Structure formats: C-alpha cells, structure tokens
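Chain residues, written in single-letter form:
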Amino acid sequence: MTPLADGLARKQRGMETMECVDGTWIRRMRVHALARSLAIGEVSTDDLRQLVEDGEMPPPKHPQAWGCVLRSRHWVYLHEQPSIWPSNHGRRVTVWRWID
C-alpha cells in the first residue's frame, strides 16, 4: 500500500469511528448544515460553529467531529475562504452546497 493510500484509509477509519463516538451530535449538526445550504445556497464549518457559540447547539464531544459534518456525496465544493475564528489561525475553510 502506498503512503497516500494508507493515509486515506486511516482518515476513512477515523471518520467512521468519530461518527460512532459523536453520531448524535453530527446528525443534529447536519440538519442545521442542510437547512443553511438550502436557505442561502452555501455553508461552512465556520457558519455551523456559530450555532455552538450562540448556544443553539452543544459543542461536540471531540473537536474532530467537525470534520465529519459535511461528509456526503451530496455536498459539492464551492470555494475556500479564510476562517473567521481566531483559534483557526487564519486557515482556509471549505464552503459547500447541498445538491440532490
């Protein structure tokens, strides 16, 4: 197995594990993500993180759960933008749109 294939396999296993560990939170956050995408045409984890900040959603049990929220063949990549959250140190976040 090549290093890239091994890394991708590990990533897949990690995401599947996280969906078992924090599955309820991920499912609830996906509902918010879908609603936002349908309402305004796009969503990012920064948008969803605001729900936690405002107290509308509890934080995930593990921070890695954020990486599993927008994971489906229905999410289509739109673009990237700098994160608005200081703790992200200016990294770029992906903006997605839900397509049936």
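Residues numbered from 1 in each chain as written. Predicted model: local features only at pLDDT ≥ 70, side-chain atom pairs only at ≥ 80, totals over all residues. Heavy atoms only, no water.

Participant: What exactly am I supposed to notice about the pattern of salt bridges here?
Facilitator: Close approach of charged atoms allows side chains of opposite charge to pair. Tallied over the entire structure, the rule returns three salt bridges. Measuring nitrogen to oxygen at the nearest pair gives 3.7 Å for the salt bridge that ties Glu80 to Arg92. Taken together, the residues span a long stretch of sequence, with Glu80 in strand 1 (residues 75-82) and Arg92 in strand 2 (residues 92-98) at a distance of twelve residues. (Salt bridge = Lys/Arg side-chain N within 4 Å of Asp/Glu carboxyl O. Helix = DSSP H or I, 4+ residues; strand = E, 2+ residues; numbered from the N terminus.)

Participant: I tried to follow the nonpolar core on my own but got confused; where do I start?
Facilitator: What tends to happen in soluble globular proteins is that the nonpolar side chains get buried as a cluster. Counting residues in each nonpolar core, the largest one holds 17 residues, and the members touching the most others are Trp25, Met29, Ala33, Leu48, Val69 and Leu70. Among the elements of the structure, helix 2 (23-40), helix 3 (45-53) and helix 4 (66-69) are those that each provide at least two residues to this core. It is helix 2 that contributes the most residues to this core, four residues altogether. When sequence neighbours within four positions are dropped, the list of residues in contact with Trp25 reads Val52, Met57, Pro58, Pro59, Pro60, Ala65, Trp66 and Val69. (Core = buried A, V, L, I, M, F, W, Y, C linked by side-chain atoms within 4.5 Å. Buried < 20%, exposed > 50% of the residue type's maximum accessible area, 1.4 Å probe, protein only. Contact = heavy atoms within 4.5 Å.)

Participant: Can you help me understand helix 2 in this one?
Facilitator: An α-helix turns once every 3.6 residues. As a result, residues three or four positions apart point the same way. Between its terminal C-alpha atoms helix 2 stretches 26 Å, which fits the 26 Å expected from 18 residues at 1.5 Å a residue. Among the residues making up helix 2, those that are buried are Gly23, Trp25, Ile26, Met29, Ala33 and Ser37. Each buried residue of helix 2 sits inside an arc of 135° when the element is viewed along its axis, so together they form one side. Of the exposed residues in helix 2, the ones pointing more than 90 degrees away from its buried face are Thr24, Arg27, Val31, Leu38 and Ala39. Downstream of helix 2 by a residue or two, Gly41 has a phi angle that is positive, lying close to 95°. (Expected span 1.5 Å × (residues − 1). Arc of directions from axis to C-beta.)

Participant: I tried to follow the packing of aromatic side chains on my own but got confused; where do I start?
Facilitator: For any pair of aromatic rings, the description consists of the separation of the ring centres together with the inter-plane angle of the planes. Summed over all chains, the structure comprises three aromatic pairs. Aromatic pair Trp25 and Trp66: ring centres 4.9 Å apart, planes at 85°, arrangement edge-to-face. Of this pair, Trp25 sits in helix 2 while Trp66 sits in helix 4; the two residues are 41 residues apart in sequence, bridging distant segments of the chain. Both residues of the pair, Trp25 and Trp66, belong to the buried class. Considering the side-chain rings of Tyr77 and Trp96, the 6.2 Å spacing of their centres and the 85° angle between planes classify their relative orientation as edge-to-face. Taken together, the positions of Tyr77 in strand 1 and Trp96 in strand 2 put the pair 19 residues apart, joining distant regions of the chain. Overall, the relative accessible area of 45% leaves Tyr77 in the partly exposed class. (Phe/Tyr/Trp six-rings, centres within 6.5 Å; stacked < 30°, edge-to-face > 60°.)

Participant: Help me understand the side chain of Asp22 in this model?
Facilitator: Position of Asp22 relative to the elements: it lies in the loop between helix 1 (3-21) and helix 2. Buried within the structure, Asp22 lacks any salt-bridge partner; Lys61 is the closest side chain of opposite charge, at an N-O distance of 4.6 Å. A polar contact is formed between the side chain of Asp22 and the backbone nitrogen of Lys61, at a distance of 2.6 Å. Setting aside residues up to four positions removed in sequence, Asp22 forms contacts with Pro60, Lys61, His62 and Ala65. (Lys, Arg positive; Asp, Glu negative; His and termini not counted. Polar contact = N/O pair within 3.5 Å; in protein donor to acceptor, adjacent residues only side chain to side chain.)

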